[in-house]
Amino acid sequence: CVVKDTANRMKTAFLHSAGLSGEPAARIAGLAARCTAFTHAACHGRKAARIAAQPARARASVRMASELEQLQKYTVIVADTGDIDSIKQYTPTDGTTNPSLIYQAAQMPEYKALVDEAVNYGKSHAGPGASTDDIVEIVRDKLFALFGAEIGKIVPGYVSIEVDARLSFDVEKSVKKAYRLLELAEESGLPRERVLIKLATTWEGCRVAALLEKQGIRCNMTLLFSLVQAVAAAEAGATLISPFVGRILDWYKKALGVNSIPIEEDPGVVSVRQIHEYYKCFGYDTIVMGASFRSKDEVLALAGCDRLTISPKLLKELKDGTGEVVRRLGPPELCSAERVMADEASFRYAMNQDAMATEKLAEGIRGFAKDTESLNAQLAALVTAAEAVHI
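Here's a quick rundown of the structure. (Residues numbered from 1 in each chain as written. Predicted model: local features only at pLDDT ≥ 70, side-chain atom pairs only at ≥ 80, totals over all residues. Heavy atoms only, no water.)

It is worth spelling out the nonpolar core at this point. Counting 106 residues, the largest nonpolar core has Leu-143, Ile-197 and Ile-310 as its most contacted members. No other element matches the eleven residues that helix α7 (residues 132-152) contributes to this core. Ignoring anything within four residues of it in the chain, the contact list for Ile-310 reads Leu-71, Ile-77, Val-78, Ala-79, Asp-80, Phe-293, Val-299, Leu-315 and Leu-318. Counting residues in hydrophobic clusters, the runner-up holds six residues, among them Val-78, Tyr-158, Leu-196 and Met-289. (Core = buried A, V, L, I, M, F, W, Y, C linked by side-chain atoms within 4.5 Å. Buried < 20%, exposed > 50% of the residue type's maximum accessible area, 1.4 Å probe, protein only. Helix = DSSP H or I, 4+ residues; strand = E, 2+ residues; numbered from the N terminus. Contact = heavy atoms within 4.5 Å.)

Below, the structure written as structure tokens:
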């Protein structure tokens, strides 16, 4: 130890320069020896502390798994966005969009090329004498397909493309639109077997799903807020359902006049757990994909759900978080669920009795319809401007 060697040299030098001997020298030598012993112990103590600290530092250097990585062990993660750059950051398995997300993305400069491509497609594929509205419909459908195809280049699994919400009560037109979206998706490079046709979970939407699924076209039932909707969708053979966790919470917070509800009592979380248990108890193959989350806690409270579709904001929080993620959903040990009737009369009556589900379904359809109309207005302006250039 450097300190010990220095003390010895100081002791020798001091005795020699002072010319001391006998008892004074012995006393000084004793003091120096004690000093040397102390410094020797301190030196070795520090060395031992350094050695003991090494495993702790080694452990600290091992990166903790993020909450997102832990969650992916139990649940398939789906990106809930039309922002392609955001999807690239979080390596989800599937991707999903809706009119609101596409409307937002279509206004971003980085996606101008996709919008322009859709506009040019609409102009070149519209028949003679087509109105601006006719061209806009072609443009919009192509734009949805293009965004879906771009997302499909990033995710290895399904990509959901939504049927116009304004057709939520029209079986024939919804079926026709679904086929058109599939055609455009394939044309844009996204194979139809990777497309989920997204439909509102109305009674009519379930009938559309039943028809399409029989033709091998997979469906994602959205705007789902109740068990009877989930049962009707499963009975129709839908591939996947998207129960809306956060919107259910929103309704109950407003109805109860509270700012928050404990996570274990969160009505949205409780609803998805109930649906998940019901499906597993009665052997339905329909995938449960929780959607519309308001917080990271809601997401983690459903760890183990088949799939969860999560916004970029919450994906970032999960990626940055390092807390322990515990599986919360799995095959129930004991099935206590009772059968729910989901024929048309039972469906409509159950929805009538559920104010939350009825109001949120109607509100959701209105919201998606409004954003579709806003997107149409944006596209109509672009179509008109493009036509003016060619006059």
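For Thr-91, which is not glycine, the phi dihedral falls at a positive 40°. The residue Thr-91 is located in the loop between α4 (84-90) and β2 (94-96) in this model. In the Ramachandran plot, Leu-223 falls in the positive-phi region, its phi being about 50° despite a non-glycine side chain. Tracing the chain through its elements places Leu-223 in strand β5 (residues 219-224).

This paragraph deals with the pairing of β5. Among the six residues of β5, six are classified as buried, and the element is accordingly described as predominantly covered. Both strand β4 (residues 195-200) and β5 contribute to a ladder of four bridges, which runs parallel. By the bridge assignment for β5, Lys-198 is matched with Asn-220. Running through helix α9 (residues 203-214), the crossover from β4 to the neighbouring parallel element β5 is right-handed. Bridging between β5 and strand β6 (residues 240-243) involves three bridges; their strand directions are parallel. Looking at β6, one finds that Leu-224 is bridged to Pro-243. Taken together, β5, helix α10 (residues 227-235) and β6 constitute a β-α-β crossover, and its handedness is right-handed. (Pairing = 2+ DSSP bridges. Right-handed = clockwise from strand over helix to strand, strands pointing away.)

To summarise the sheet geometry, strands pair through backbone hydrogen bonds and adopt either a parallel or an antiparallel arrangement. The strand order β1-β2-β3-β4-β5-β6-β7-β8 describes a closed barrel built from eight strands, whose pairing is parallel. Each adjacent strand pair in this sheet contributes to an overall mean axis angle of 25°, direction not counted. Against the sheet, α7 makes contact with β2 and β3 (159-162), and its axis sits at roughly 170° relative to β3, the strand it touches most. Helix α14 (residues 312-320) contacts β1 (76-80) and β8 (307-310) of the sheet and is inclined by roughly 110° relative to β8. (Axes fitted to C-alpha atoms, helices over the stretch in contact; angles between N-to-C directions.)

Evaluation of the coordinates by the stated rule reveals one disulfide. Each sulfur of the disulfide joining Cys-281 and Cys-335 lies 2.3 Å from the other. Judged by the sign of its S-S torsion, about -100°, the cystine formed by Cys-281 and Cys-335 is left-handed. On the criterion of sequence distance, the pair formed by Cys-281 in helix α12 (residues 267-282) and Cys-335 in the loop between α14 and α15 (344-353) is long-range, its members being 54 residues apart. Left without a disulfide partner, Cys-206 is nearest to the cysteine sulfur of Cys-219, which lies 10.0 Å away. (Disulfide = S-S within 2.5 Å.)

The next thing to look at is the packing of aromatic side chains. Evaluation of the coordinates by the stated rule reveals seven aromatic pairs. Here Tyr-278 and Phe-282 contribute two aromatic rings whose centre-to-centre distance is 4.6 Å and whose plane-to-plane angle is 45°, an arrangement assigned as tilted. Of this pair, Tyr-278 and Phe-282 both sit in helix α12, four residues apart, which is roughly one turn of the helix. On the basis of relative accessible area, Tyr-278 is assigned to the buried category, the value being 1%. Through pairs of rings, three or more aromatic residues link up here, namely Tyr-278, Tyr-279, Phe-282 and Tyr-284. Above the plane of the ring of Tyr-121 lies Lys-142, whose end atom (NZ or CZ) is 4.5 Å from the centre. Here Arg-207 stacks its cationic end above the ring of Trp-203, 4.2 Å away from the centre of that ring. (Phe/Tyr/Trp six-rings, centres within 6.5 Å; stacked < 30°, edge-to-face > 60°. Lys NZ or Arg CZ within 6 Å of the ring centre and 35° of its normal.)

Here we come to the packing of α7 against helix α8 (residues 171-187). In the contact formed by α7 and α8, the axes pass within 8 Å of each other and the chain directions differ by 60°. Here α7 is positioned oblique relative to α8, judged by the angle of their axes. When you trace α7 past α8, the crossing you get is right-handed. Contacts between α7 and α8 involve Glu-137, Ile-138, Arg-140, Asp-141, Lys-142 and Ala-145 on the former and, on the latter, Lys-177, Arg-180, Leu-181, Leu-184, Ala-185 and Glu-187. Classifying every residue of the contact of α7 with α8 by side-chain character gives five nonpolar, no polar and seven charged. (Parallel < 35°, antiparallel > 145°, perpendicular 65-115°, else oblique. Left-handed = near helix turned anticlockwise from the far one by under 90°. Nonpolar A, V, L, I, M, F, W, Y, C, P; charged D, E, K, R; others polar.)

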